Amino acid sequence: YIEPVEPWTLLWTWNGPDANGGSSNHFYDAPREARTVTGGNNIYVPAGANGLYALNKTNGAVGWNFTLTAIDGTPAYDPSGFIFAGGANGVVYKLDATNGNVLGSYATGGIVTRAVLVNGSAVYALTNAGVLHKIEIVNMTGIWTYVSGSGSSTGLAFSSSRNMALFGTDDLFVRAVDD
């Protein structure tokens, strides 16, 4: 539980209003599935066609910008210093969280615009076509895939108590995939 001390002050803004409240600092509209995550010294921002940004938590300065593909979904931060992001090109990237260098990748064979999920030693990626991939983090190799037979309509969730990955599909089913 953290209680922010008042009075609150604005530290910085990014991709938002300029100092006069105008729109000159706004350079892209966030993708529908894009959410920011934080880890280490950065905030990681999926920016669609502009890729993925790492912003310094303290001052908002751009630390790095990954631009090999559009990143429309929320990335996942792993405390060991990696950031994972699924791309519109169907590749899940393992990036060095400090500098954005590509440390590994895994081709899913389908577009990934939903959030990726890290659980233990694996990262999970769901393609728009509803194919779920479990990928081993160390060397970015596939462990298994699950083909739902319908497009994905929700992001991923993981139940540790049931050891299952869950997601909704366009045919109005919720899939609970035994890990």
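Please read these numbers as outputs of a predicted model, since none were measured by experiment. (Residues numbered from 1 in each chain as written. Predicted model: local features only at pLDDT ≥ 70, side-chain atom pairs only at ≥ 80, totals over all residues. Heavy atoms only, no water.)

**Some remarks on the overall build of the chain**
Our working definition: A helix here means a DSSP run of H or I that spans at least four residues, while a strand means a run of E at least two residues long, and both kinds are numbered starting from the N terminus. The quantity called the radius of gyration is restricted to C-alpha atoms. Its globule counterpart is 2.2 Å times the number of residues to the power 0.38. Two residues qualify as a contact provided that any one of their heavy atoms is within 4.5 Å of a heavy atom in the partner residue. With residues, only the protein chains shown are counted as cover, and all accessible areas are computed by Shrake-Rupley using a 1.4 Å probe. In this tally, Lys and Arg are treated as positive and Asp and Glu as negative; His is ignored, and so are the chain termini. To locate a charge, the coordinates of NZ of Lys, CZ of Arg, CG of Asp or CD of Glu are taken.
A count of helices and strands for the chain gives zero helices and 15 strands. Rg of the C-alpha trace for the chain: 17 Å, near the compact-globule value of 16 Å for 179 residues, within the 12% margin. Overall size of the chain, expressed as C-alpha extent along the three principal axes, is 50 × 30 × 30 Å. In the chain, the share of contacts with a sequence separation of at least 24, taken over all contacts with a separation of at least 6, comes to 34%. Carbon and sulfur atoms make up 53% of the accessible area of the chain, which amounts to about 9400 Å² in all. Averaging the coordinates of the 8 positive side-chain charges in the chain and doing the same for the 13 negative ones gives two points 6 Å apart.

**Regarding the environment of Pro31**
If you trace the backbone, Pro31 turns up in the segment before strand E1 (37-39). Along the backbone, Pro31 and Gly73 are 42 residues apart, and their C-alpha atoms lie at a distance of 7.4 Å. Setting aside chain neighbours within four positions, we find Pro31 in contact with Pro46, Ala47, Gly48, Ile71 and Asp72.

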